[in-house]
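# A look at the structure
For reference, the chains in residue letters:
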There are 2 protein chains.
Amino acid sequence: MHNQRQELANKQRTYMRDQSKQKNISNDLHQEAESALNLALQLVAVHKFEKARKIFEHALTLDPQNSDILVEYGQFLEYHQMDLIRAEQFYTRALVHQPSNFRALELKKRTLPLVQEIDQKQFTFIDNLLKELYRIPDTNPYLRRAKRDAYYLHIYHSNAIEGNTLNLRETRYIVETRMAVPGKSLVEQQEVFGLDLALQYVNCTLVNRLGSITLEDILQIHRRVLGFVDPVQAGQLRKHQVYVGSFVPPTAAEVPDYLDDFLKWLNSLEDTRDLHAIELAAIAHYKFVYIHPFIDGNGRTGRLLMNLILMRSGFPPVIIKKSERFTYYSYLNQANDGDVRPFIRFIAKCTERTLTEFIHQSQPTRTTGQELRLNDGENAEDNFMEERVIMVE
Amino acid sequence: MHNQRQELANKQRTYMRDQSKQKNISNDLHQEAESALNLALQLVAVHKFEKARKIFEHALTLDPQNSDILVEYGQFLEYHQMDLIRAEQFYTRALVHQPSNFRALELKKRTLPLVQEIDQKQFTFIDNLLKELYRIPDTNPYLRRAKRDAYYLHIYHSNAIEGNTLNLRETRYIVETRMAVPGKSLVEQQEVFGLDLALQYVNCTLVNRLGSITLEDILQIHRRVLGFVDPVQAGQLRKHQVYVGSFVPPTAAEVPDYLDDFLKWLNSLEDTRDLHAIELAAIAHYKFVYIHPFIDGNGRTGRLLMNLILMRSGFPPVIIKKSERFTYYSYLNQANDGDVRPFIRFIAKCTERTLTEFIHQSQPTRTTGQELRLNDGENAEDNFMEERVIMVE
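Residues numbered from 1 in each chain as written. Chains lettered and ligands numbered in written order. Predicted model: local features only at pLDDT ≥ 70, side-chain atom pairs only at ≥ 80, totals over all residues. Heavy atoms only, no water.

### Points about the overall build of chain A
Let me state the cut-off plainly: Strands here are runs of E lasting at least two residues and helices are runs of H or I lasting at least four, both read from the DSSP assignment and numbered beginning at the N terminus. Classification of residues uses two cut-offs on accessible area relative to the type maximum, computed with a 1.4 Å probe and protein chains only: under 20% is buried, over 50% is exposed, and between them is partly exposed. A 1.4 Å probe and the Shrake-Rupley method give the accessible areas. Residues count as covered only by the protein chains that appear here.
Within chain A, the secondary structure is distributed over 18 helices and 0 strands. Sorting the 393 residues of chain A into buried and exposed places 53% on the buried side. By element, 54% of the accessible surface of chain A is carried by carbon and sulfur atoms, the whole surface being about 18500 Å².

This is how it looks when you write it as structure tokens:
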């Protein structure tokens, strides 16, 4: 099990931002960061923890790769914030930048098994939720409705993450009537058709098929996702370099080899048998968007691929909400910096939420949670309207 | 030249509806048709020509393959309606059904050279119009506007022929704003995107490229035509049988060989050097829709292919109007029955109309024709509105 994880980590090295290419910071910044670190440690000594936390964060903003700051902040999180998981993440980050850092090695050696135990418990908790969901009969009308609603929610959120401005009500209207929503661009409405067709393909064709997931499957998903918007690029690997913020994915020439490697890994029983389905799905999503094989539609295709993997293991598809998009991106960035586990934990949380909601909604007497479900802090009014669409049959 | 045409005719045999498969009519119908023929001939004898024409048509409706009726009606058209071209068409039809019919052979032998001369004169007339158009400088703002208008007219008419209910104003709005027209299905609006992208591809990429037209070119056109509506089938040859009214195109298994044959013919200098560009374009369109290589979008792709061929010979693209669709289909049917020339003449007429309109519109003082141009008898009010869009800049 541990070897398996170690191998996984080795493999991940090809799916990491090249740290050596990061710019070195100036001496001035370095010294200011060191001063901030000293100040933070003094504040800890006098039990001013909240102030200390802010100064630690400030020090890290100035010098994000400073192993001393990473190790000290990690220990602060472990002992004064009782956040073992984040603490271990900082020890890991310190080791990414300075693999021989003795203190970080010692700290990680002690905390890693504890963190693995926490992660494993979370997976067990989710597996039990899944068993609970399976005890609800398929014929339960509330569960059926919840699943149908989730279908539209996936289309809405997956498009909204990419900047589509249609709301849930409009999205559902387009899928159900195939009619145009006035005052909105056709491209946005075609993106709804795209995810609708791709979801049908995943749900009806790919989920129930045995055997490996192939390049052709991925191209077929992408063909549907992007086809209504860009019939020429849909289903075609990109032929040019793309840039995703500050992240530079592999060159177009490297993409086929990366994908080949990725699919060999994904379909290899040996490589993946010790991974929980959520780990496999999350890592697959991460690797896929790292490769960024298409000119556009990588996120949407990656989320469908992740859900395909989850569904083939009996899990319901998960929804990453529009309001979570910055968290989602930051976890993908952390994976780029060498630690994919925060992203796996995020997908585990999304899975837990989906399972809890399905179980909850299958019991019609509890209505409060159902009403609040969509209200994720953003556009409360809009979501209220959207919720009505879901409540009214 | 004559041999060339003969070879062409031989080749066409594979692009003809199999006459032997047509149902034989009952004896009763046959006798009633013969009686009608006799009546028509009696009416001709007493110079009641209009009545005779109607009875001839009635006789042919009863027994469309009766060589006697075809020959007699042909002679009637030749001598009493002075319509040499249609007369020769009826002699040809008689020979399709009864190749050894002596009277038909004699009549055709006499009329064919005359008809060929008429056709050739029409091509010369069109070539002269083209020269006249080329004398107008490219910078003429009225000509530029007319060409831009023709772009939207092509999209509008080519979609409308297939049943799209968007009018010209809505079509232009969609292309120019990329916004949705309320109250219309998204599929119809996506068909506008499809033809827009396909036209751009033909106009910007294919027209100026030297060398043969390839299968890949046709797939790329189709990918754009249908991609926004059906990303899965777009750019893919059909895998199932299709039916076009009573016409049954080649089986899906035969399509690749037919296309191969078609492209060899289209790109062969030897096969096509004696054909006028209009003949080549029209026959190519006919053969293409005969093969019907796609599940949908064959007509639109075929019209683009025809225009590509015309443009590569320096002609402007032609527009087949929505109001002409039944005429258009009937000429394609006549080609199925063995005579592609009525369809060629129809495309020649469309080319002549386009050239005349461009020449006319490049001279702003003559406004009457411009105002009436779109009014093709159908939806006069609608066209009036559409015309306004074109008039207002």
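### Describing the interface of chain B and chain A
Stated formally: Whether two residues are in contact is decided by their heavy atoms: any pair within 4.5 Å suffices. Defined in terms of a 1.4 Å probe, buried area is the accessible area two parts forfeit on being brought together, summed over both. Salt bridges are defined as contacts in which a side-chain nitrogen from Lys or Arg sits within 4 Å of a carboxyl oxygen from Asp or Glu. By the criterion applied in these results, polar contacts are pairs of N or O atoms within 3.5 Å in which, for protein atoms, one can donate a hydrogen and the other can accept it, and in which residues neighboring in sequence qualify only through two side-chain atoms. All residues other than Ala, Val, Leu, Ile, Met, Phe, Trp, Tyr, Cys, Pro, Asp, Glu, Lys and Arg, Gly among them, are scored as polar; the first ten of these are nonpolar and the last four charged.
In this assembly, 24 residues from chain B lie in contact with 24 residues from chain A. Between chain B and chain A lies a buried interface of about 2000 Å² when both sides are counted; carbon and sulfur atoms form 66% of it. Considering only the side of chain B, the residues that lose the most area to chain A are Leu186, Arg223 and Pro231 of chain B, jointly responsible for 33% of the buried surface there. Summed over the shared surface of chain B and chain A, the result is 0 salt bridges. Applying the counting rule to chain B against chain A returns 8 residue pairs in polar contact (both at pLDDT 80 or more). Those elements that provide at least two residues to the side of chain B that touches chain A are α9 (186-206) and α10 (215-227) of chain B. It is α9 of chain B that provides the largest number of residues to the side of chain B that touches chain A, a total of 6 residues. Here the side of chain B that touches chain A is built from residues that sort into 14 nonpolar, 6 polar and 4 charged.

### What to know about the nonpolar core
Grouped burial of nonpolar side chains is what soluble globular proteins tend to show. Stated formally: Working definition of a nonpolar core: buried Ala, Val, Leu, Ile, Met, Phe, Trp, Tyr and Cys residues. They are joined through side-chain atoms within 4.5 Å.
The biggest cluster of nonpolar side chains holds 171 residues, and the ones touching the most others in it are Phe262 and Leu266 of chain A together with Phe262 and Leu266 of chain B. Setting aside chain neighbours within four positions, we find Phe262 of chain B in contact with Tyr15, Ile218, Ala284, Lys287, Phe288, Ile291 and Leu305 of chain B. If you look at the next biggest cluster of nonpolar residues, it comprises 25 residues, including Ala36, Ala40, Ala52 and Phe76 of chain A.

### A short note on the relation of the copies chain B and chain A
Convention followed: To superpose the copies, least squares is applied to the C-alpha atoms of every residue with a pLDDT of at least 70 in both.
The two copies are related by a screw motion: chain B maps onto chain A through a turn of 180° and a shift of 0.0 Å along the axis, at an RMSD of 0.1 Å. On this basis, the relationship between the two copies can be described by a two-fold rotation axis.

### Comments concerning unusual backbone geometry
Residue and element names in this part refer to chain A. One non-glycine residue, His47, lies in positive phi territory at about 65°. Structurally, His47 is set in the loop between α2 (27-45) and α3 (49-62). Accessibility expressed as a relative area gives 58% for His47, which makes it exposed. Here Met82, not a glycine, exhibits a phi torsion of approximately 55°, which is positive. Residue position: Met82 is located in the loop between α4 (67-80) and α5 (84-97). Overall, Met82 belongs to the exposed group, its relative accessible area being 64%.

### A word on the UniProt feature "site: Important for autoinhibition of adenylyltransferase activity" (unreviewed entry) in chain A
Residue and element names in this part refer to chain A. Which entries qualify depends on this criterion: UniProt positions are given in the numbering used here, feature names are shortened, and annotations may be inferred rather than shown by experiment.
Listed under "site: Important for autoinhibition of adenylyltransferase activity" (unreviewed entry) in the UniProt record, and renumbered for this structure, are Glu162. Tracing the sequence through the fold places Glu162 in the loop between α7 (141-161) and α8 (168-177). Contact partners of Glu162, with chain neighbours within four places excluded, come to Gly299, Arg300 and Arg303.

### Let's talk about the pattern of salt bridges
Residue and element names in this part refer to chain A. On inspection of all chains with the given rule, the structure shows 38 salt bridges over all chains. Of the charged contacts in the structure, one is a salt bridge between Glu57 and Arg86, with a shortest N-O distance of 3.9 Å. With Glu57 in helix α3 and Arg86 in helix α5, this residue pair connects regions lying 29 residues apart in the sequence. You can call Arg86 partly exposed: its relative accessible area is 32%. Salt bridges here are not isolated pairs; linked through shared partners, they connect Glu88, Lys108, Asp339 and Arg341.

### Description of α2 of chain A
All names here are of chain A. As a reminder, the rule being used: A helix is expected to reach a length of 1.5 Å times the quantity of its residues less one. The arc under discussion is defined with respect to the helix axis, by the directions toward the C-beta atoms.
Here α2 contains 19 residues, and its C-alpha end-to-end distance of 27 Å stays within 8% of the 27 Å for a straight helix at 1.5 Å per residue. For α2, the set of buried residues is Ala33, Ala36, Leu37, Ala40, Leu43 and Val44. All buried residues of α2 fall inside an arc of 125° around its axis, so they share one side. Turned more than 90 degrees off the buried face of α2, the exposed positions are Asn27, Asp28, Gln31, Gln42 and Ala45. Trailing α2 by a residue or two, His47 shows a phi angle of about 65°, which is positive.

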